[in-house]
There are 2 protein chains.
Amino acid sequence: MSRARTPEAGSRGEPRGRTDKRQAILEAAFRTFARDGYGQSCVREIAEAAEVAKPTIYNRLGDKETLFREAMKAAVEHTADRSLSALEPLRTPGDDIRPVLEEAGLRLLRSHACQESQALRRLLSAEAPRFPDLLEEIQRVGAQRIQDALADRLARLVLAKRLEATDVERASEQFLALLTGPMELRSALGTRAVPDEELHSVAEAAVDTFLRAYAPRDPG
Amino acid sequence: MSRARTPEAGSRGEPRGRTDKRQAILEAAFRTFARDGYGQSCVREIAEAAEVAKPTIYNRLGDKETLFREAMKAAVEHTADRSLSALEPLRTPGDDIRPVLEEAGLRLLRSHACQESQALRRLLSAEAPRFPDLLEEIQRVGAQRIQDALADRLARLVLAKRLEATDVERASEQFLALLTGPMELRSALGTRAVPDEELHSVAEAAVDTFLRAYAPRDPG
DNA sequence: AGTACGTTGAACCAACCGGTTCATTTACTT
DNA sequence: AAGTAAATGAACCGGTTGGTTCAACGTACT
């Protein structure tokens, strides 16, 4: 039961069975960094958590700094994909757009409030001054992409006269702000797990305010 | 020109000239922690930045950890006071409440976007898992107090029929979310200075949406 | 003048960390 | 079965860190 975690990775195309170890290292590194912070983490502990020898880490990733970078990049792909898929309901709005907005909002919030996502933001925020390029890249494939995708969805709704927004970028930004803004305090900067009912009520309140501001005024 | 930085501190009442040194240490510590992070900062550098000998730090603050705690607590008092004073305009609303909301919003945003405040949030977010009690205290005297004070102001406006809100806590939370939420991306997690015009436009957009959602519907 | 206290610099300590080397073992390829 | 490449553990290295000790110094009170 020591290793052999391979789920069903084809392991073909890659030079050897190395991708398996690499992934294990990156996951353990992210967990360790998230728990102790970059400066307080030591490679030995990461190696232990990954059930891997220390030289293996340096062979595959060469450096504590690149180890950190790769672990962060791997983490953002997980979370961003999940957030993007949360926007799917907006593709098929019903008679009333409120339900799909609430559904999308709730799923965005769940993705935003999950442990991995919170740890990613905490770590990124912490090391941002020392890794400006990493910050730029992660913001681009993370938050920025979500905001742009949401703006696309909102633009469709505006064209269909289901929303009234002169600036969909602004609307997208504010919708996300209404969702994630309140989470900062409620989740204690990402250190407390927020129950799902609370996410639900935050999403509901966000959609409510959003619709009051952006729903078409019927008698116009 | 080596030391003698005392601006005009009376240095009377305190046991010795110690408060002066203590403050210098705390400020230098905060600057160093903000620049390098907690784990990467070393006490020697802090001592140099404070123009103080290393044993002096250990004499006065005993520990790197308590040094960090005290520096953080000192920083939050600065920033929280400034944010609280930003709410003053709401005490004297004119015929239209929009101008005072925009004024308060802009001042909140300026306080939120200043370097010290951003560094404080970054550091707090970074070390939150390791200092849960510190996080709790700072949130209480910082963000939570602002949100409560704003809720008080909004409650007055509701009573005066200038706003329509069934839940002023929620309204306060969302007003702050509309202000600070968009800043996360725009300020690159607090590492980029945001020009004042941009703060102005964010505040304007926030107030606009807020009023659309919470202004009394005249023909009701 | 004397004393008590805080500051200072320097040296010191034990522990730890990032990173490397190397001989040995494991496992896959042909 | 032979060969190759990766993984392993252990030891090792130079550098840094948090924290302490100590003798010398300055300064404020009495």
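Chains are numbered independently. Their residues run from 1 in the order of the written sequence. Labels are handed out in written order, letters beginning with A for the chains and numbers beginning with 1 for the ligands. Confidence filtering applies because this is a predicted model: local features only for residues at pLDDT of at least 70, side-chain atom pairs given and counted only at 80 or more, and all residues used for totals across whole chains, interfaces and linings. As a rule here, side-chain values come from all non-hydrogen atoms in the structure, and water together with hydrogens is ignored.

J.: I'd like to hear about helix H9 (residues 168-186) of chain B, residue by residue, with values.
T.: Spanning 19 residues, H9 of chain B covers 28 Å between terminal C-alpha atoms, matching the ideal 27 Å at 1.5 Å per step. The bend reported for a residue corresponds to the angle between axes fitted to the seven residues ending at that residue and the seven starting there. We count a stretch as a helix when DSSP gives it H or I for four or more residues in a row; a strand needs E for two or more, and each element gets its number in order from the N terminus. The largest bend along H9 of chain B measures about 35 degrees and falls at Leu178 of chain B, with the proline Pro182 of chain B one to four residues further on. A simple rule labels every residue: compare its accessible area, found with a 1.4 Å probe on the protein chains alone, to the largest value its type can have, and call it buried under 20%, exposed over 50%, or partly exposed in between. For H9 of chain B, the complete set of buried residues consists of Ala171, Ser172, Glu173, Gln174, Phe175, Leu176, Ala177, Leu178, Leu179, Gly181, Pro182 and Met183 of chain B. Buried positions along H9 of chain B lie against helix H8 (168-186) and helix H9 (196-214) of chain A together with helix H5 (98-113), helix H8 (143-159) and helix H10 (196-214) of chain B. How far a helix is expected to stretch is found by multiplying one less than its residue total by 1.5 Å. Note on definitions: a residue-residue contact is assigned when non-hydrogen atoms from the two residues lie within 4.5 Å.

J.: Lay out the interface of chain B and chain A in plain terms, naming residues and giving numbers.
T.: The interface of chain B with chain A comprises 42 residues on the first partner and 42 residues on the second. Buried area counts how much accessible surface, traced with a 1.4 Å probe, disappears from two parts once they are put together, with both parts' losses summed. Taken together, both faces of the contact between chain B and chain A bury some 3,500 Å²; the carbon and sulfur share is 54%. It is Leu185, Leu189 and Arg212 of chain B that lose the most area in chain B upon contact with chain A, and together they represent 16% of the buried surface on that side. Take a side-chain nitrogen of Lys or Arg and a carboxyl oxygen of Asp or Glu: if they are within 4 Å of each other, that pair is a salt bridge. Linking chain B with chain A are four salt bridges. Arg186 of chain A serves as the salt-bridge partner of Glu173 of chain B, at 2.7 Å between the closest nitrogen and oxygen. At the level of secondary structure, the elements contributing two or more residues to the side of chain B that touches chain A comprise helix H1 (18-36), helix H6 (115-127), helix H7 (132-141), H8, H9 and H10 of chain B. No other element matches the ten residues that H9 of chain B contributes to the side of chain B that touches chain A. Residue classes in the side of chain B that touches chain A are distributed as 18 nonpolar, eleven polar and 13 charged. In this classification, the charged set is Asp, Glu, Lys and Arg, the nonpolar set is Ala, Val, Leu, Ile, Met, Phe, Trp, Tyr, Cys and Pro, and all remaining amino acids, among them Gly, are polar.

J.: Tell me about the relation of the copies chain B and chain A, and please be specific about residues and values.
T.: Our superposition of the copies is a least-squares fit, built on the C-alpha atoms of residues whose pLDDT is at least 70 in both. Expressed as a screw operation, the relation of chain B to chain A combines 0.0 Å of axial shift with a rotation of 180 degrees, fitting to an RMSD of 0.1 Å. Both copies of the chain, as the preceding transformation shows, are related through a two-fold rotation axis. Comparing contact sets, 100% of the residues at the interface of chain B also lie at the interface in chain A, consistent with an isologous, same-surface contact.

J.: Please provide a residue-by-residue account of the packing of aromatic side chains, values included.
T.: Residues and elements named next belong to chain A. The aromatic pairing rule takes the rings of Phe, Tyr and Trp, using the six-membered ring of Trp, and pairs them if the centres are within 6.5 Å, calling planes under 30 degrees apart stacked, those over 60 edge-to-face and the rest tilted. A complete count under the given rule lists 14 aromatic pairs over all chains for this structure. When the ring of Phe175 is compared with that of Phe210, the centres are 4.9 Å apart and the planes differ by 65 degrees; the resulting orientation is edge-to-face. Of this pair, Phe175 sits in helix H8 while Phe210 sits in helix H9, and the two are 35 residues apart along the sequence. Assigned by exposure class, Phe175 and Phe210 land together as buried.

J.: Outline the domain arrangement of chain A, supporting the account with residue identities and numerical values.
T.: All names here are of chain A. Domain delimitation in this document rests on an assignment produced automatically or drawn from a domain database. Taken domain by domain, chain A holds domain 1 (18-62) and domain 2 (65-214). The centre of domain 1, based on its C-alpha atoms, is set 29 Å off from the matching centre of domain 2. Where domain 1 touches domain 2, the interface holds one salt bridge. For the purposes of these results, a polar contact is taken to be a pair of N or O atoms within 3.5 Å, where, inside protein, one atom must be able to donate a hydrogen and its partner to accept one; residues adjacent in sequence count only when each atom of the pair is a side-chain atom. Applying the counting rule to domain 1 against domain 2 returns three residue pairs in polar contact (both at pLDDT 80 or more). For the side of domain 1 that touches domain 2, the secondary structure elements donating two or more residues are helix H1 (18-36) and helix H3 (54-61). Sorting elements by how many residues they give to the side of domain 1 that touches domain 2 places H1 first, with seven residues. Classifying every residue of the side of domain 1 that touches domain 2 gives ten nonpolar, two polar and one charged.

J.: Outline a negative patch on the surface, listing residues and values.
T.: Patch membership requires over 30% relative accessible area and the absence of a salt bridge. Like charges are linked within 9 Å, and nonpolar side chains (Val, Leu, Ile, Met, Phe, Trp, Tyr) within 5 Å. Reported accessibility uses the Shrake-Rupley method at a 1.4 Å probe radius. Residues are deemed covered only where the shown protein chains occlude them. Only four residue types enter the tally: Lys and Arg on the positive side, Asp and Glu on the negative side, with His and both chain ends excluded. Lys charges are placed at NZ, Arg charges at CZ, Asp charges at CG and Glu charges at CD. On the surface, a cluster of negative charge is made up of Asp148, Asp152, Asp167 and Glu169 of chain A. Look at Asp148 of chain A and you get partly exposed, because its relative accessible area is 32%.

J.: Any details on the protein's contact with DNA strand D? Residues and values, ideally.
T.: Proximity is defined per residue: any heavy atom of the residue falling within 4 Å of a molecule or strand makes that residue near it. Within the structure, DNA strand D sits among 18 residues, and Thr56 of chain A together with Ser41, Lys54, Asp63 and Lys64 of chain B are positioned closest to it. Sugar and phosphate atoms form 77% of the subset of DNA strand D atoms that lie within 4 Å of the protein. Contacts to DNA strand D include Val43 of chain B, whose backbone N or O atom sits 3.0 Å from a phosphate oxygen. Residue Lys64 of chain B places a side-chain N or O atom 2.8 Å away from a phosphate oxygen belonging to DNA strand D. At the level of secondary structure, the elements contributing two or more residues to the surface near DNA strand D comprise H1 and H3 of chain A together with helix H2 (43-49) and helix H3 (54-61) of chain B. Looking at the surface near DNA strand D residue by residue, the class counts come to seven nonpolar, two polar and nine charged.

J.: Before we move on, could you go through the nonpolar core and cite the residues and values that matter?
T.: The biggest cluster of nonpolar side chains holds 67 residues, and the ones touching the most others in it are Phe210 of chain A together with Phe210 of chain B. Mapped by element, the contributors of at least two residues to this core are helix H5 (98-113), helix H7 (132-159), H8 and H9 of chain A together with H5, H8, H9 and H10 of chain B. Aside from chain neighbours lying at most four places away, what touches Phe210 of chain B is Leu101, Leu154, Leu163, Ala171, Phe175, Leu178 and Ala215 of chain B. Side-chain atoms within 4.5 Å link the members of a nonpolar core, which is a set of buried Ala, Val, Leu, Ile, Met, Phe, Trp, Tyr and Cys residues.

J.: So what's going on with the environment of Gly62 of chain A? Residues and values would help.
T.: All names here are of chain A. By the secondary structure assignment, Gly62 is in the loop between H3 and helix H4 (64-85). Residue class for Gly62 comes out partly exposed when judged on its relative accessible area of 44%. Linking Gly62 and Ala155, residues 93 residues apart in sequence, is a C-alpha distance of 45 Å.

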